[in-house]
Amino acid sequence: MKKIFLILTILATCLFSSDELSIDSLFKKQIGLRSITNLSLLSTGNANSYYIYPNVMVNGDLNVWNDTKQVFLTQTFIYTLTPKFDILVSGGGSYARQEYNNIFTGAYTNKNTLNFDSLWLGFIYTADSIADFVPQITFQTALVQREKSIMQTKNFYFKSQSIQASLRGYSDPVVYSIYTGFGYNAERKFNIARIQYGHSIYFGGDLSIILSPKITLDLGGEQRFQTERKINGIKDSELRSIPTISLGSTYSINADTALSVNANIGGSSAAPDAIFGLTLWKKF
């Protein structure tokens, strides 16, 4: 462990890992505020539209699309109260271009929408190290979610929660983690129907290979399952499998700022085809 912390003490002044907590926040916590700004482009040729925060999930829209492209902007703030406890606030919106065949004319057309998506509040607890691993638990609840189904847009409050447990470590020259989590979604009541989106269970791992003091190569994989959707209590879909793999890189601009690029590729018909992301990390 002494070797790990010695190396990370040097790296933490100029390097961030690929995930939203960073090497610095995991191994060399500093009291204060950190900002994470993420811009993502999601594209898919299946009938679904998605949310990507806090994890990829098929939303409850009952429309059937031919093709969807969504741009998400998410802003997250993490404030470290103590070396073991962080407060997390995250909000975001999206722009979607969704293509479909008009049921009356048969013409191929599109629908463009700009939305506020959600505001989340949570905490991160980092436990004492176990051997060479740092355990961590992240819990979040959705304060408000603005959602659409057919012709109605409605705000929902405290309808979704997410909890994730992870083990993170370092072995020269790799920072790695394994994690598992659960996402809960309460039933939504629209004018047209009562919709249960389904809950999610997932597990995965990621690693960052340190190529130089300023650059990492970031790799990851995740398997997610989303339980069946129900409409007015009647099952409308089967269990969805949403596997993804990711590849990216992080560049440290200076001691307080870093930039990441990454690409996620879906591995099933229920998963989005691809998600391309750009993330800016900032310490204040």
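### A few points about the environment of D61
Okay, step 1: On the secondary structure map, D61 appears in the loop between β3 (57-58) and β4 (67-82).
Okay, step 2: Note: C-alpha distance between D61 and S49 (12 residues apart in sequence) is 7.3 Å.
Okay, step 3: Not counting residues within four places of it along the chain, the set of residues in contact with D61 comprises S49, K148, S149, I150 and R229.

### Considerations on the sheet that holds strand β16 (residues 234-235)
Okay, step 1: Strand order in the open sheet made by the four strands is β11-β12-β15-β16, with antiparallel pairing throughout. Lying at the two open borders of the sheet, with one neighbouring strand each, are β11 (188-189) and β16.

### Points about the packing of aromatic side chains
Okay, step 1: What the rule picks out here adds up to seven aromatic pairs.
Okay, step 2: When the centroid spacing of 6.0 Å and the interplanar angle of 80° are considered together, the rings of F133 and Y176 count as edge-to-face. In this pair, F133 sits in strand β7 (residues 133-149) while Y176 sits in strand β10 (residues 174-185), placing the two residues 43 residues apart along the sequence.
Okay, step 3: Ring geometry for F156 against F190: centres 5.2 Å apart, planes inclined by 70°, an arrangement best described as edge-to-face. Here F190 lies in the loop between β11 and β12 (194-196) and F156 lies in strand β8 (residues 152-156), a separation of 34 residues in the sequence. With respect to burial, F156 and F190 carry one shared label: buried.
Okay, step 4: Among the aromatic residues, ring-to-ring pairing joins F85, F123 and F139 into one connected group.

The rules behind each value
- Residues numbered from 1 in each chain as written.
- Predicted model: local features only at pLDDT ≥ 70, side-chain atom pairs only at ≥ 80, totals over all residues.
- Heavy atoms only, no water.
- Helix = DSSP H or I, 4+ residues; strand = E, 2+ residues; numbered from the N terminus.
- Contact = heavy atoms within 4.5 Å.
- Pairing = 2+ DSSP bridges.
- Phe/Tyr/Trp six-rings, centres within 6.5 Å; stacked < 30°, edge-to-face > 60°.
- Buried < 20%, exposed > 50% of the residue type's maximum accessible area, 1.4 Å probe, protein only.

Read these as layout, nothing more, since geometry by itself doesn't imply function.
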